[in-house]
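Residues per chain are reported as follows:
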Amino acid sequence: MSAVRERQLVLRSKEGDREAFRELVKFHMRQVYDLAYGFVNDHDDAEDVAQEVFVKVFHSIRSFRQEAEFSTWLYRIVTNTSLDRLKQRKRKMKRQVSLGESESMELATNPGPIENLDYSVHIERALHELPTLQRAVVILRHIDGLPTRTVSEILKCSEGTVKTHLHRGLKKMRTLLQDLYEE
Amino acid sequence: MRHRDVWNMLYEFARDELDVERKKQVEQHLAGCDRCFAELQVLKEGMRLVRPRRRKPSQEHSEMYWRNFAFRVEQRARASGARRPLRNRFWQDAEWFFLIRRPYTIAFAASITIIVMAGILWYGRVLPTLKESDIQPTGVPVQEVNQELSDYFHKSKILLVGISNISVPEGQRVDLTVERQAARALIRQARYLDQRQIDERAQYLVRALEKILIELANMEDEADLPDIEIVRAGIYQENMLFRIRVAESTYKESLPNGVPQMKTNHQ
Ligand SMILES: [Zn+2]
């Protein structure tokens, strides 16, 4: 989609045009999903986050200022919503452990293709060892391949900070993953 | 060039994203600096271990899933109290209906007849029991909800078992009008339930089930084997039949003596 077209769609969505909003969703939904999945590493949560993101966009698009890039604004919402979800999940896990619940209905997490299972579980674990900002940078810049500038805009920090966090994050991931692979 | 400047460019260098001039500068520095060279090796090793995915997570979902995604977003936006309803509900529902409705020709498979009969029997049987049962003197709202949940899971079970058992001769199409209507009715019931105070596990299951029902509702009236396989895959992947059976019996058992098994604030 061209930048001009996107601007038009955003403008029309701001005026309440549902067709335009739908087109924006269709254009960005997969990327939003992939990015959310990078954070939450679970298909059910990724879907829920992705939908929540677009609902937020729907309600707040009128406050979006056109001078910013729409996708940057969107990814910022994805990042925040995903991080919120991870916090919720931590709280929920604590609660479930304390309640001692175990029921077949809880076993619904979707691990993805089997050949990638171990690999992604390791990465997920290692990622969770990183401080939040470092983790966000590694996901956005390295795993999702967004440009440094975009990442800095999403996370509202300087490009230098992005680079430093990326560097440190990858080095720490290396140490953590090497330990795992050498076992 | 200072070490610090080189370090700032190492990641882009390793990904070969620097412009020619900068790349040359970094290469020159690396040739004469063991410290930065070692740092590059460490970084590369980290990058290699944290591989970007070969297959995107979104690719795990079917085309049908993505076709419905925007629709589900709109549903949810509306449910969450859209500040400015864009059009009224009737038109949105009508629009959805016309969007998915396609002209159909007739090619009934024998199994469909059975399902139609089952559907008629089930409507005839389940609806009256809803009225008669369950309103006991000590009845609290939670029982009513449990009854509705049990009823909802029961109907869903029949529908999904039907879909699982349909046999489609290769290359032929079957008429799914009845199934789609049933799915739409269940989606409405699910939305209604979702707004009631149901416990978290039930809510989770109702939502997972709703996704499958939406896929079914959005199919063409005439479906071929691959279409049906998509819905079936969803059912198997989620272990849906088993979960529904567990849930149906859980909510049924909690009914007769007015001793609901769930946590509730009503007592
Ligand atoms: Zn150096």
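Since the model is a prediction, treat every value here as computed from it, not as a measurement.

The rules behind these values
- Residues numbered from 1 in each chain as written.
- Chains lettered and ligands numbered in written order.
- Predicted model: local features only at pLDDT ≥ 70, side-chain atom pairs only at ≥ 80, totals over all residues.
- Heavy atoms only, no water.
- Helix = DSSP H or I, 4+ residues; strand = E, 2+ residues; numbered from the N terminus.
- Buried < 20%, exposed > 50% of the residue type's maximum accessible area, 1.4 Å probe, protein only.
- Contact = heavy atoms within 4.5 Å.
- Areas by Shrake-Rupley, 256 points an atom, 1.4 Å probe, with all protein chains shown as cover.
- Phe/Tyr/Trp six-rings, centres within 6.5 Å; stacked < 30°, edge-to-face > 60°.
- Lys NZ or Arg CZ within 6 Å of the ring centre and 35° of its normal.
- Salt bridge = Lys/Arg side-chain N within 4 Å of Asp/Glu carboxyl O.
- pLDDT = per-residue confidence, 0-100.
- Expected span 1.5 Å × (residues − 1).
- Polar contact = N/O pair within 3.5 Å; in protein donor to acceptor, adjacent residues only side chain to side chain.
- Donors = N, O, S within 2.8 Å, 3.2 Å for Na, K, Ca; no water.

Quick word on the overall build of chain B
Here is step 1 of the chain: A tally of regular secondary structure across chain B gives 11 helices and two strands.
Here is step 2 of the chain: Beginning at the N terminus, the succession of helices and strands in chain B can be written as α-α-α-α-α-α-α-β-α-α-β-α-α.
Here is step 3 of the chain: Put simply, chain B has 267 residues, and 46% of those count as buried.
Here is step 4 of the chain: Counting only contacts in chain B whose residues sit at least 6 apart along the sequence, the fraction spanning at least 24 positions is 78%.
Here is step 5 of the chain: Carbon and sulfur atoms make up 55% of the accessible area of chain B, which amounts to about 14,800 Å² in all.

Remarks on the packing of aromatic side chains
Here is step 1 of the chain: Considering all chains together, one arrives at 12 aromatic pairs over all chains under this definition.
Here is step 2 of the chain: Each ring, one from Tyr65(B) and one from Phe69(B), has its centre 6.4 Å from the other, and the planes form 50 degrees; the classification is tilted. Within this pair, Tyr65(B) and its partner Phe69(B) are both found in helix α4 (residues 63–79), separated by four residues, close to a single helical turn. Both residues of the pair, Tyr65(B) and Phe69(B), belong to the buried class.
Here is step 3 of the chain: Considering the side-chain rings of Trp66(B) and Phe69(B), the 5.4 Å spacing of their centres and the 40 degrees angle between planes classify their relative orientation as tilted. Separated by three residues within a single helix, Trp66(B) and Phe69(B) lie in helix α4, roughly one turn from each other.
Here is step 4 of the chain: The exposure class of Phe69(B) is buried, given its relative accessible area of 0%.
Here is step 5 of the chain: Members of the aromatic cluster, connected to one another through ring pairs, are Tyr33(A), Phe54(A), Tyr65(B), Trp66(B) and Phe69(B).
Here is step 6 of the chain: The ring of Tyr65(B) has Arg72(B) sitting right over it, with the charged end atom 4.6 Å from the ring centre.

Remarks on the pattern of salt bridges
Residue and element names in this part refer to chain A.
Here is step 1 of the chain: Going through the model one piece at a time under the given rule, you end up with 25 salt bridges over all chains.
Here is step 2 of the chain: In this structure, Arg-12 engages Asp-17 in a salt bridge whose closest nitrogen and oxygen atoms are separated by 3.0 Å.
Here is step 3 of the chain: Taking relative accessible area as the criterion, Arg-12 reaches 30% and is therefore assigned partly exposed.
Here is step 4 of the chain: Residue Asp-17 is classed as partly exposed on the basis of its relative accessible area, which comes to 26%.
Here is step 5 of the chain: The shortest N-O distance in the salt bridge between Arg-85 and Asp-45 comes to 3.4 Å. In this pair, Arg-85 sits in helix α4 (residues 70–99) while Asp-45 sits in helix α3 (residues 43–60), placing the two residues 40 residues apart along the sequence. We note that Arg-85, like Asp-45, is buried.

Examining the confidence of the model for chain B
Atom-level detail of predicted coordinates should not be read off regions where pLDDT is low.
All names here are of chain B.
Here is step 1 of the chain: Confidence along chain B averages 74 in pLDDT terms, with 69% of residues attaining 70 or more.
Here is step 2 of the chain: Confidence drops under a pLDDT of 50 for residues 126–140, and excluding neighbours within four residues, the segment shows 19 contacts in the predicted structure.
Here is step 3 of the chain: Confidence drops under pLDDT 50 across residues 258–267; counting only partners more than four residues distant or on other chains, this segment forms 21 contacts.
Here is step 4 of the chain: Scored by ipTM, the complex comes to 0.76, with pTM at 0.52.

Remarks on α3(A)
Here is step 1 of the chain: For α3(A), built from 18 residues, the straight-helix expectation of 26 Å at 1.5 Å per residue is met to within 8% by its first-to-last C-alpha distance of 25 Å.
Here is step 2 of the chain: Between the side-chain oxygen of the N-cap and the backbone nitrogen of Asp44(A) there are 3.0 Å, and the N-cap of α3(A) in question is Asp42(A).

What about the coordination of the zinc ion?
Residues and elements named next belong to chain B.
Here is step 1 of the chain: The coordination sphere of the zinc ion contains the protein donors His-3 (ND1), His-29 (NE2), Cys-33 (SG) and Cys-36 (SG), at a distance range of 2.0 to 2.3 Å.
Here is step 2 of the chain: If you list the donors of the zinc ion from N- to C-terminus, the spacing comes out as H-x25-H-x3-C-x2-C. With His-3 in helix α1 (residues 3–14) and His-29 in helix α2 (residues 20–32), this residue pair connects regions lying 26 residues apart in the sequence.
Here is step 3 of the chain: Look at His-29 and you get buried, because its relative accessible area is 14%.

Digging into the environment of Glu12(B)
Here is step 1 of the chain: Relative to the assigned elements, Glu12(B) resides in helix α1.
Here is step 2 of the chain: Under the relative-accessibility criterion, Glu12(B) is labelled buried at 11%.
Here is step 3 of the chain: Sequence separation between Glu12(B) and Lys23(B) is 11 residues; the distance between their C-alpha atoms is 9.1 Å.
Here is step 4 of the chain: When sequence neighbours within four positions are dropped, the list of residues in contact with Glu12(B) reads Arg141(A), Thr148(A), Lys163(A), Glu17(B) and Leu18(B).

Describing unusual backbone geometry
Residue and element names in this part refer to chain A.
Here is step 1 of the chain: Its identity is not glycine, yet Asn-41 carries a phi of approximately 55 degrees, on the positive side.
Here is step 2 of the chain: Looking at the element boundaries, Asn-41 is found in the loop between α2 (18–40) and α3.
Here is step 3 of the chain: Looking at Asn-41, the relative accessible area reads 23%, which means it is partly exposed.
Here is step 4 of the chain: The phi torsion at Lys-156 lies on the positive side, around 50 degrees, for a residue other than glycine.
Here is step 5 of the chain: Note on placement: Lys-156 falls in the loop between α7 (148–154) and α8 (159–182).
Here is step 6 of the chain: Taking relative accessible area as the criterion, Lys-156 reaches 62% and is therefore assigned exposed.

Section: the environment of Glu179(B)
Here is step 1 of the chain: Topologically, Glu179(B) is positioned in helix α8 (residues 177–195).
Here is step 2 of the chain: The sequence separation of Glu179(B) and Met219(B) amounts to 40 residues, and the corresponding C-alpha distance is 10.0 Å.

Things to note about helix α6 (residues 132–143) of chain A
Residue and element names in this part refer to chain A.
Here is step 1 of the chain: The first and last C-alpha atoms of α6 sit 15 Å apart over 12 residues, in line with the 16 Å expected at 1.5 Å per residue.
Here is step 2 of the chain: Counting buried positions along α6 yields 10 of 12 residues, so the element is predominantly enclosed.
Here is step 3 of the chain: Listed as buried for α6 are Gln-134, Arg-135, Ala-136, Val-137, Val-138, Ile-139, Leu-140, Arg-141, His-142 and Ile-143.

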